[in-house]
Amino acid sequence: MADASMDTTADMQTCDVLVVGGGPAGSTIATLLARQGRQVVLLEKEHHPRFHIGESLLPGNVELFDQLGVREQVDKIGMPKYGIEFVPPDLDYCSYVDFAEGWDPTKDSAWQVRRSELDEILFRHATKEGAVTLEGAHVRQVDFDADGATVRAVLDDGAQRTWRARFVVDASGRDTVLANKFKSKKKNPKHNSTALFGHFRNARRLEGKREGNISICWFQHGWFWFIPLADGTTSVGAVCWAYYLKARDKPLKDYFYDTIAMCPELHDRLKDATLVDDAVHATGNFAYSSTHATGDRYLMLGDAFTFIDPMFSSGVFLAMQSAFDGAKMVATALDNPAALPAARQAVEKKMREGPRDYSWFIYRVTNPTIRDMFMHPKNVFNAKQGLMSLLAADLEPAPGYRRSLFMFKVVYYFVSLINFRRTWAGWKRHSFNVQDHGTLRGETILKS
Ligand SMILES: Cc1cc2nc3c(=O)[nH]c(=O)nc-3n(C[C@H](O)[C@H](O)[C@H](O)COP(=O)(O)OP(=O)(O)OC[C@H]3O[C@@H](n4cnc5c(N)ncnc54)[C@H](O)[C@@H]3O)c2cc1C
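1. Details of the site of the ligand
Thought 1: Inspection of the region around the ligand gives 38 residues, with Glu44, His52, Ser56, Asp303 and Val316 positioned closest.
Thought 2: Proline 24 is positioned with one of its backbone polar atoms (N or O) 3.3 Å from an oxygen atom of the ligand.
Thought 3: One of the side-chain nitrogen or oxygen atoms of aspartate 175 is found 3.0 Å away from a nitrogen atom of the ligand.
Thought 4: For the ligand, whose accessible area on its own is 990 Å², the fraction buried by protein is 96%.
Thought 5: Sorting the residues of the shell around the ligand by element identifies helix H1 (24-35), strand S2 (40-44), strand S8 (137-145) and helix H9 (315-335) as the ones contributing at least two each.

In structure tokens form, the structure reads like this:
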């Protein structure tokens with residue numbers, strides 16, 4: 001990232017907090033800090049509205065939008081979403097769960113959104129709340145010293161700008177500006193997937209209240225999302241094990257259609273649909289985490305700190321929640337440095353909790369026992385209630401929540417144990433899937 005040729009004598013401006021990246025995490029913390037009366041500068045390398053994948057939100061987001069004061073705007077662009085449909089590859093029925101079945105039945109809905117629209121709402125809101133926001137400003141260098149940091153950015157026209165900040169927030173998403181600088185980014189060896197996706201017109205959706213629900217469709221090499229958007233288009237993506245994409249031997253679009261054909265139910269829902277702009281995209285999905293999220297003069301938020309598989313649509317929620325938690329820590333760093341070690345510790349703990357809760361399910365989701373439990377969800381020991389609160393991102397809702405999640409795991413381990421052979425085969429397959437298998441064909445590998 002360091003660029004020795006950058007002109008460090010250019011006019012230097014000062015601020016309390018400089019935020020790198022105007023996605024959900026960056027715009028949220030910029031709003032909250034500006035409300036505290038701080039001088040905040042928010043730099044975004046692109047221009048809103050810009051494309052971003054990650055269109056399915058969770059009920060946990062709603063409260064955060066409320067607190068920011070943007071709920072009405074999000075409601076206008078969003079497709080209401082009340083639950084999840086699970087579509088198995090080998091059964092002739094689907095399973096439906098509703099967020100209202102969680103511990104707090106009022107947290108019953110969220111939205112599917114175009115991220116270009118959502119992220120623009122959040123970014124413009126930060127400006128309205130008093131942050132200085134700049135688009136087309138690519139942060140190239142961050143240097144820390146005892147008093148703060150010097151941040152250098154290059155603008156669209158090649159001009160260079162420099163800021164002196166007392167504190168830096170890295171919300172650069174998967175660009176992970178600070179984790180790269182500190183070499184603190186570690187790939188998660190337990191997960192190794194990639195995504196292929198496109199948008200369709202005229203896809204057959206569920207009917208009635210379920211129309212906006214997300215569908216998760218399993219297939220041999222991973223899982224699909226099916227996300228109905230408010231303008232009538234539907235986002236469809238395949239999250240595949242890395243070996244599968246590496247085995248690609250034809251144009252991306254053809255490969256995507258072949259992949260869809262592996263999931264008969266999805267194939268049927270798309271049989272009369274057309275691909276918008278004829279465009280299919282691919283993105284590496286590799287899960288990672290930085291070894292730490294905080295320092296005396298900095299904080300990493302959202303994907304800039306950690307990325308987990310998007311199966312449960314938790315990314316935007318976790319990014320925004322980390323901004324809410326982080327804003328308190330930044331205030332402590334600026335106003336009461338003596339209390340900073342404790343505040344850092346609290347944020348480090350909190351930022352790991354959510355991803356850890358989701359990851360437990362993500363690592364096991366190819367396991368037949370979990371699949372059975374998702375296909376026949378039962379509320380034994382309130383286990384389903386706990387699961388639904390997690391899937392709604394209502395992470396500390398009621399005293400019984402942790403216990404119910406624990407009981408879900410107890411049931412899982414019990415069922416796994418009595419089906420030992422099936423469990424063992426599932427684990428063998430999972431550890432195979434997460435390995436890097438070069439360019440061999442997935443089909444061949446799976447049969448061998
Ligand atoms: C295939 C896939 C599917 C997903 N599906 C979902 C889903 O359904 N629901 C969900 O909630 N999440 C989903 N996610 C995850 C979600 O997209 C992210 O978790 C979320 O966007 C994180 O927000 P963020 O603000 O941390 O980062 P981002 O949204 O990535 O924002 C980072 C911003 O920083 C800017 N930036 C980067 N580097 C610089 C720089 N050097 N200088 C200035 N600006 C910079 C970028 O342009 C960007 O605007 C998905 C992710 C993937 C890969």
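On we go from here.
2. Here we look at the pairing of S8
Thought 1: Where S8 meets strand S9 (residues 148-155), eight bridges bridge the pair, whose relative direction is antiparallel. Bridge pairing links aspartate 143 to threonine 150 in S9.
Thought 2: The turn joining S8 and S9, which pair antiparallel and follow one another in sequence, is formed by two residues.

3. Re the nonpolar core
Thought 1: Among the nonpolar cores identified, the biggest contains 109 residues, and Ile29, Tyr358 and Phe361 are the most heavily contacted of them.
Thought 2: For phenylalanine 361, the contacting residues outside a window of four places in its chain are Phe312, Ile370, Phe374, Leu387, Leu390, Leu405 and Phe408.
Thought 3: Counting 27 residues, the second-largest nonpolar core is a separate cluster that includes Phe200, Phe219, Trp241 and Val434.

4. Looking at a nonpolar patch on the surface
Thought 1: A contiguous nonpolar surface patch, about 370 Å² in accessible area, is contributed by Phe420, Trp424 and Trp427.
Thought 2: As for its position among the elements, phenylalanine 420 is in helix H14 (residues 420-433).
Thought 3: Judged by its relative accessible area of 55%, phenylalanine 420 falls in the exposed class.

5. Section: the confidence of the model for the protein chain
Thought 1: Averaged over every residue, the pLDDT of the protein chain is 91; residues scoring 70 or more account for 95%.
Thought 2: In this model residues 1-9 is a low-confidence stretch, pLDDT under 50, and it forms 18 contacts with partners more than four residues away in sequence or in other chains.

6. Remarks on the pairing of strand S12 (residues 193-201)
Thought 1: Summarising burial for S12: eight of the nine residues are buried, a large majority.
Thought 2: Judged from the nine bridges that link them, S12 and strand S15 (residues 233-241) form a sheet pairing that is antiparallel. Among the inter-strand pairings, phenylalanine 200 is bridged to a residue of S15, identified as threonine 234.
Thought 3: For S12 and strand S17 (residues 281-284), the ladder comprises four bridges, and the chain directions are antiparallel. Paired with threonine 194 across the strands is glycine 284, a residue of S17.
Thought 4: Two elements, S12 and strand S16 (residues 274-275), share two bridges in a ladder whose sense is antiparallel. Along S16, the bridge assignment pairs arginine 201 with threonine 274.

7. Some thoughts on the pattern of salt bridges
Thought 1: This model, assessed by the stated rule, comprises 31 salt bridges.
Thought 2: A salt bridge links aspartate 394 to lysine 107; its shortest N-O distance comes to 3.1 Å. In this pair, aspartate 394 is assigned in the loop between helix H12 (383-391) and helix H13 (401-418) and lysine 107 in the loop between strand S5 (95-98) and strand S6 (110-112), connecting sequence segments 287 residues apart.
Thought 3: Taking the shortest distance from any N to any O, the salt bridge between aspartate 143 and arginine 152 comes out at 2.8 Å.
Thought 4: With a relative accessible area of 27%, aspartate 143 lands in the partly exposed category.
Thought 5: Members of the salt-bridge network, linked through shared partners, are Glu85, Arg204, Glu265, Asp268, Arg269 and Lys271.

8. Overview of unusual backbone geometry
Thought 1: In this structure, proline 49 follows histidine 48 across a cis peptide bond, with omega equal to 0°.
Thought 2: You can see proline 49 is positioned in the loop between S2 and helix H2 (59-68).
Thought 3: Even without a glycine there, the phi angle at asparagine 202 is positive, about 70°.
Thought 4: Within the secondary structure, asparagine 202 sits in the loop between S12 and strand S13 (214-219).
Thought 5: Asparagine 202 sits in the exposed class, given a relative accessible area of 55%.

9. Regarding the environment of aspartate 303
Thought 1: Along the chain, aspartate 303 falls in the loop between strand S19 (298-300) and strand S20 (306-307).
Thought 2: Along the chain, aspartate 303 and glutamine 67 lie 236 residues apart, while their C-alpha atoms are 22 Å from each other.
Thought 3: With residues near it in sequence (within four places) discarded, aspartate 303 still touches Gly173, Arg174, Thr176 and Tyr288.

10. Some thoughts on the sheet that holds S20
Thought 1: Pairing is antiparallel across the open sheet formed by three strands, whose spatial order is S11-S18-S20. The open sheet has two edge strands, strand S11 (185-187) and S20, and neither has a second partner.

11. Focus on the packing of aromatic side chains
Thought 1: Inspection of the entire model under this criterion finds 23 aromatic pairs.
Thought 2: Aromatic pair phenylalanine 65 and tryptophan 111: ring centres 6.1 Å apart, planes at 50°, arrangement tilted. A residue pair is termed long-range when its members are at least 10 positions apart, and phenylalanine 65 in helix H2 and tryptophan 111 in strand S6 qualify at 46 residues.
Thought 3: Given a relative accessible area of 0%, phenylalanine 65 falls into the buried group.
Thought 4: Summarising the aromatic geometry, the rings of phenylalanine 200 and tyrosine 257 are spaced 6.2 Å apart at their centres and angled 85° between planes, so their arrangement reads as edge-to-face. In this pair, phenylalanine 200 sits in strand S12 while tyrosine 257 sits in helix H7 (residues 252-261), placing the two residues 57 residues apart along the sequence.
Thought 5: Overall, phenylalanine 200 belongs to the buried group, its relative accessible area being 0%.
Thought 6: Take tyrosine 257: its relative accessible area is 33%, and that puts it in the partly exposed class.

12. As for the packing of helix H11 (residues 368-375) against H13
Thought 1: Two elements in contact, H11 and H13, have axes whose closest approach is 9 Å; the angle formed by their N-to-C orientations is 125°. Between H11 and H13, the angle is such that the two are oblique. As for the relative orientation of H11 and H13, their crossing is right-handed in sense. Two secondary-structure elements touch here, H11 through Thr369, Ile370, Met373 and Phe374 and H13 through Phe408, Val411, Tyr412, Val415 and Ser416.
Thought 2: For the contact of H11 with H13, the residue count by class is seven nonpolar, two polar and no charged.

Rules used in this analysis
Residues numbered from 1 in each chain as written. Predicted model: local features only at pLDDT ≥ 70, side-chain atom pairs only at ≥ 80, totals over all residues. Heavy atoms only, no water. Near = heavy atom within 4 Å. Polar contact = N/O pair within 3.5 Å; in protein donor to acceptor, adjacent residues only side chain to side chain. Areas by Shrake-Rupley, 256 points an atom, 1.4 Å probe, with all protein chains shown as cover. Helix = DSSP H or I, 4+ residues; strand = E, 2+ residues; numbered from the N terminus. Pairing = 2+ DSSP bridges. Core = buried A, V, L, I, M, F, W, Y, C linked by side-chain atoms within 4.5 Å. Buried < 20%, exposed > 50% of the residue type's maximum accessible area, 1.4 Å probe, protein only. Contact = heavy atoms within 4.5 Å. Patch = residues over 30% accessible without salt bridge, like charges linked within 9 Å, V, L, I, M, F, W, Y side chains within 5 Å. Salt bridge = Lys/Arg side-chain N within 4 Å of Asp/Glu carboxyl O. pLDDT = per-residue confidence, 0-100. Phe/Tyr/Trp six-rings, centres within 6.5 Å; stacked < 30°, edge-to-face > 60°. Axes fitted to C-alpha atoms, helices over the stretch in contact; angles between N-to-C directions. Parallel < 35°, antiparallel > 145°, perpendicular 65-115°, else oblique. Left-handed = near helix turned anticlockwise from the far one by under 90°. Nonpolar A, V, L, I, M, F, W, Y, C, P; charged D, E, K, R; others polar.

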